Amino acid sequence: MSELLLPPEHRYAKIIQEHHNEDGSELSVLNLGPTHPATHGIFQNVLLMDGEKILEAEPTIGYIHRAFEKIAENRPFYQITPLTDRMNYCSSPINNMGWWMTMEKLLDIEVPKRAQYLRVIVMELARITDHLICNSILGVDTGAYTGFLYVFQFREKVYEIYEEICGARLTTNMGRMGGFERDWSPEAFRKLDIFLRDFPIAWKEFENLFERNRIFIDRTVNVGPISAEKAMAYGFTGPNLRAAGVDYDVRVAHPYSSYEDFDFIVPVGKSGDTYDRFCVRNAEVWESLSIIRQALAKMPEGNEFHADVPAYYLPPKEDVYHDMESLIYHFKIVMGEIPVPVAEVYHSVEGGNGEVGFYLVTDGSRTPYRLHFRRPCFIYYQAYPEMIKGAMLSDAIVILSSLNVIAGELDA
Amino acid sequence: MALETTQIQDKLVETFGESVFHFNQEKDLFSLEVAADKITAVILFLKNDPTLRFHFLTDLCGVHYPDNVVERQFAVVYHLHNWYENKRIKIKAFLNGEKPEIKSVSNIFLCSNWMERETYDFYGINFIGHPQLKRILNMDEMISHPMRKEFPMEDGGRTDKDDRFFGRTPQKDNK
Amino acid sequence: MSDSNITMVAPPEGVVGEGFFATKLNDVVGLARANSLWPLPFATSCCGIEFMATMASHYDLARFGMERVSFSPRQADMLLVMGTISKKMGPILRQVYEQMAEPRWVIAVGACASSGGVFDTYSVLQGIDKVIPVDVYVPGCPPRPEQIVDGVMQLQELVKNESVRRRSSPEYQELLASYNIK
């Protein structure tokens, strides 16, 4: 049961015994978590404190370890998406699409342009919702509940769009090998247009609530800064890294799914503190909205939504009842006996928190031999003890919030 | 000038000779194998060399191959990335099945600290020189290493699910 | 306001007189408790996000008297366990449950909390009823906010009809003893 009680030979116990303040006060140990109202997810930090100031922290994770990588070794390839959904559950379409792109890289499947553009739209919607949650919860942690309630209404609108596309709200299990499972209905496009019309107004109001708000600035500027070199050494990617000043974005460095056709900037901060992370996420939402508009404008004609790979993509049900080949393909795909080469492949996408990578080793059987998820939260959370050194306790909460640590992705 | 895979291969072979082998371009990823005792030297070289500049460790994980010969039953896989040239590289080091150990790279790349702990947790690979090698995701009291192939996925002691209905018997392989 | 279309909830059974209303203590206490439950959201994973959606303005949970979520177990009546509970987390869940004062109720939201869900693995507790007694199970992965609200309403029915003496009854003591909860 980890370090819920401090044994006498623990490092902190020794430090407390040896350290003496001038005024006679002692150092203390505070246990933050695992269940704490302000930590968004379950992770524990045992803090060594001098009054309100934090001297050291020892994190413990694994309270929601669900053994995804072990499960993945026992599931056919198309059953891995429910696992990827539940990693970063605030932006599950990005993880889903990342997995399908990994499979397409493995199998050399070429996805048609229209399906790629649709994927871009849904991934950018997911990125908007992820940043929406992160920034509004950062607001809640600094005491501003209104932003959260106001902006969450738009997350409901995006849920409605997801429902039109795939049927589910949160854990979307969206897409298939080579595209989507069904074409987007006109209703989905209509809801998307309404969202694009209404959301920018709300987001502008949300930004106005915080960005020049004296209280918010006092609470977030110079809180938890991290330098660019430290960030790169700790494996930061995503908005946390860009807030430190490094403009690495997987969409630009290794473009996938036609991202090279779109024109967008990668917002970058300066000092890597909480305020910069907040502003970078705000700016990324604007960029995502612009990408969605460009994709809608440039969408190719027609209604092609998947690649023509009958060996991997379920044929239409009407054909299965009449056509022998479709029947055989349907049977083989559902049984999982799809032709898979013996290979190793690594593919990554730009998730809401950074580079989400999939390292897949296959051995020709119907399940992956080894599937490893490169989870950005797990990697950058290592820097948290260093970021809160010397900060006050309330700052530690705000820093944790701005890092957008999602427990599902942390523990997998 | 863009960094070519031939350049990488030549520089590595020139510095390390026999310890680097099996160069392979797998889809868009250049990969190679390294002898396990030279791993820290190779990774430090890749990071510090002014033309190679693989300054970012993207990922570190382990793989278990119980069907291989004993000297190659565990593998540790390093994915490095050069952001200046947008070049990725994958390095695999095979380890002995009975006593898997390899030097830790946590003093070269700070982010490998937890990744090595996770690999130790899942596979039991000992990372020599790691500052705090203990379990990270599983319970501290656990004795076995769950990602090894012989370890079952389901909890053997669960009472509410009857394995017969899932088409499997508890002792056999679960594929 | 005779032509308004507001329907009043029927009062509990009782004797009405001039200036008094006599009914059973059970009914009044049940009514009061049911409409003022203070939840403790024990959100671990994806179901937690659906809970956030339930608490937000669209599927407002504050209408049921749950505006004030309590994060301190000592001040909460209802433990909403949302998300997967792993074996590492089990003792912590139990500690939180033990700290709650009677009367306390537990809702297991989601498939993972009810029975382990999709995750039939070595590290996941196959249902929180292995460690604490549960009153209402809400299935779904994740359940829609309407389902969570339905679960809460079912709990409200349970609370309304519960006897005031239940917590000291031998059956309840036996239930707690079967979980080794003092």
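Use the structure listed above.
Quick caveat: nothing in here was measured; it's all calculated off a predicted structure. (Residues numbered from 1 in each chain as written. Chains lettered and ligands numbered in written order. Predicted model: local features only at pLDDT ≥ 70, side-chain atom pairs only at ≥ 80, totals over all residues.)

**Re the overall build of chain C**
Here's step 1: When helices and strands are counted, chain C shows six helices and six strands.
Here's step 2: Mapped in sequence order, the helices and strands of chain C form the string β-β-α-β-α-β-α-β-α-β-α-α.
Here's step 3: Across its three principal directions, the C-alpha atoms of chain C cover 65 × 40 × 25 Å.
Here's step 4: Across the 182 residues of chain C, 41% fall into the buried class.
Here's step 5: Nonlocal contacts in chain C, meaning residues at least 24 apart in sequence, comprise 78% of its contacts between residues at least 6 apart. (Helix = DSSP H or I, 4+ residues; strand = E, 2+ residues; numbered from the N terminus. Buried ≥ 20, exposed ≤ 12 C-beta atoms within 10 Å, placed from the backbone. Contact = placed C-beta atoms within 7 Å.)

**Here we look at the overall build of chain B**
Here's step 1: Helix and strand content of chain B: three helices and seven strands.
Here's step 2: Taken across its 175 residues, chain B has 38% of its residues classed as buried.
Here's step 3: Intrachain contacts of chain B at a sequence separation of at least 6 include 49% that bridge at least 24 residues.

**Side note on the nonpolar core**
Here's step 1: In this structure, A93 of chain B together with L79, L80, V81, L93, I107 and V109 of chain C are the most contacted members of the largest nonpolar core, which totals 211 residues.
Here's step 2: Of all the elements, helix α5 (residues 113-141) of chain A adds the most residues to this core, at 15 residues.
Here's step 3: Contacts of L79 of chain C, omitting those with residues within four sequence positions, involve L40, F42, Y97, M100, R104 and V106 of chain C. (Core = buried A, V, L, I, M, F, W, Y, C linked by C-beta atoms within 7 Å.)

**Focus on the interface of chain A and chain C**
Here's step 1: At the junction of the two partners, chain A supplies 26 residues and chain C supplies 27 residues.
Here's step 2: For the side of chain A that touches chain C, the secondary structure elements donating two or more residues are α2 (68-72), α6 (145-166) and α18 (407-411) of chain A.
Here's step 3: Tallying contributions element by element places α6 of chain A first for the side of chain A that touches chain C, with four residues.
Here's step 4: Residue composition of the side of chain A that touches chain C, grouped by class: 15 nonpolar, six polar and five charged. (Nonpolar A, V, L, I, M, F, W, Y, C, P; charged D, E, K, R; others polar.)

**As for the sheet that holds strand β5 (residues 355-361) of chain A**
All names here are of chain A.
Here's step 1: An order of β4-β5-β6 is seen for the three strands of this open sheet, with the pairing classed as antiparallel. Lying at the two open borders of the sheet, with one neighbouring strand each, are β4 (344-350) and β6 (370-374). Mean inter-strand twist for the sheet, computed between neighbouring axes without regard to direction, equals 15°.
Here's step 2: In the sheet, β4 pairs with β5 via seven bridges, with the strands oriented antiparallel. Considered in β5, the bridge of V345 is made with L360. (Pairing = 2+ DSSP bridges. Axes fitted to C-alpha atoms, helices over the stretch in contact; angles between N-to-C directions.)

**A short note on the pairing of β4 of chain A**
Residues and elements named next belong to chain A.
Here's step 1: With respect to burial, β4 is a largely interior element, seven of its seven residues being buried.
Here's step 2: Burial along β4 is two-sided: the face carrying E344, Y346, S348 and E350 and the face carrying V345, H347 and V349 are both buried.
Here's step 3: Once β4 ends, the chain turns through four residues before running back antiparallel as β5, passing G354 with a positive phi of about 140°.

**Notes on the packing of α6 of chain A against helix α7 (residues 186-211) of chain A**
Residue and element names in this part refer to chain A.
Here's step 1: Interhelical geometry of α6 versus α7 gives an angle of 165° and a closest axis separation of 10 Å. Viewed along their axes, α6 and α7 adopt a mutual orientation that is roughly antiparallel. α6 and α7 meet at a crossing whose hand is left-handed. Of the residues in α7, those touching α6 at G147, Y150, V151, F154, K157, V158, E160, I161, E164 and I165 are E187, A188, K191, L192, F195, F199, A202, F206, L209 and F210. (Parallel < 35°, antiparallel > 145°, perpendicular 65-115°, else oblique. Left-handed = near helix turned anticlockwise from the far one by under 90°.)

**Concerning the interface of chain B and chain C**
Here's step 1: Between chain B and chain C, the contact holds nine residues from the first and nine residues from the second.
Here's step 2: Broken down by class, the residue content of the side of chain B that touches chain C amounts to three nonpolar, one polar and five charged.

**Considering the environment of R374 of chain A**
Here's step 1: Following the sequence through the fold, R374 of chain A ends up in strand β6.
Here's step 2: Classification of R374 of chain A by C-beta neighbours within 10 Å gives buried; the count is 24.
Here's step 3: Sequence separation between R374 of chain A and G354 of chain A is 20 residues, and the spatial gap between their C-alpha atoms is 10.0 Å.
Here's step 4: Among residues more than four places away in sequence, those in contact with R374 of chain A are S348, E355, V356, G357 and Y359 of chain A together with T58 and D59 of chain B.

**Examining α5 of chain A**
Here's step 1: Look at α5 of chain A: 42 Å from first C-alpha to last across 29 residues, which is about the 42 Å you get at 1.5 Å a residue.
Here's step 2: Among the 29 residues in α5 of chain A, 27 count as buried, and that is most of the element. (Expected span 1.5 Å × (residues − 1).)

**What to know about the packing of helix α1 (residues 25-34) of chain C against helix α5 (residues 145-160) of chain C**
When two helices pack together, their arrangement is captured by the angle between the axes and the distance separating the axes.
Residues and elements named next belong to chain C.
Here's step 1: Between α1 and α5, the shortest axis-to-axis distance is 8 Å and the interhelical angle comes to 155°. The angle between the axes of α1 and α5 places the two elements in the roughly antiparallel class. For the crossing formed where α1 meets α5, the hand is right-handed. Note on element contacts: α5 touches α1 through Q156, V159 and K160, opposite G30, L31, R33 and A34.

**As for the pairing of strand β3 (residues 56-64) of chain B**
Residue and element names in this part refer to chain B.
Here's step 1: The buried count for β3 comes to nine of nine residues, which makes it a mostly enclosed element.
Here's step 2: Bridging between β3 and strand β4 (residues 74-82) involves eight bridges; their strand directions are antiparallel. Each residue of the ladder has a partner; that of L60, found in β4, is Y78.

**Focus: unusual backbone geometry**
Residue and element names in this part refer to chain C.
Here's step 1: Between E102 and the following residue, P103, the backbone shows a cis peptide bond with an omega angle of -10°.
Here's step 2: By the secondary structure assignment, P103 is in the loop between α3 (90-99) and β5 (105-109).
Here's step 3: Each neighbour pair has its own omega, and for C141 with P142 the value is -10°, a cis peptide bond.
Here's step 4: Notably, N180 is not glycine yet its phi reads approximately 60°, a positive angle.
Here's step 5: For N180, the position within the fold is in the segment after α6 (170-178).

**Quick word on the sheet that holds β3 of chain B**
Each strand in a sheet pairs with another by means of backbone hydrogen bonds, the pair being arranged parallel or else antiparallel.
Residue and element names in this part refer to chain B.
Here's step 1: An order of β1-β2-β5-β4-β3 is seen for the five strands of this open sheet, with the pairing classed as mixed. With one partner strand each, in any of the chains shown, β1 (20-26) and β3 form the two edges of the open sheet. The mean inter-strand angle of the sheet, taken between neighbouring strand axes irrespective of direction, is 20°.
Here's step 2: Here β1 pairs with strand β2 (residues 29-34) via five bridges, running antiparallel. What sits directly across from E26, in β2, is L29.
Here's step 3: Helix-sheet contacts for helix α1 (residues 5-16) involve β1, β2 and β5 (87-95), and the interaxial angle to β1 is about 170°.

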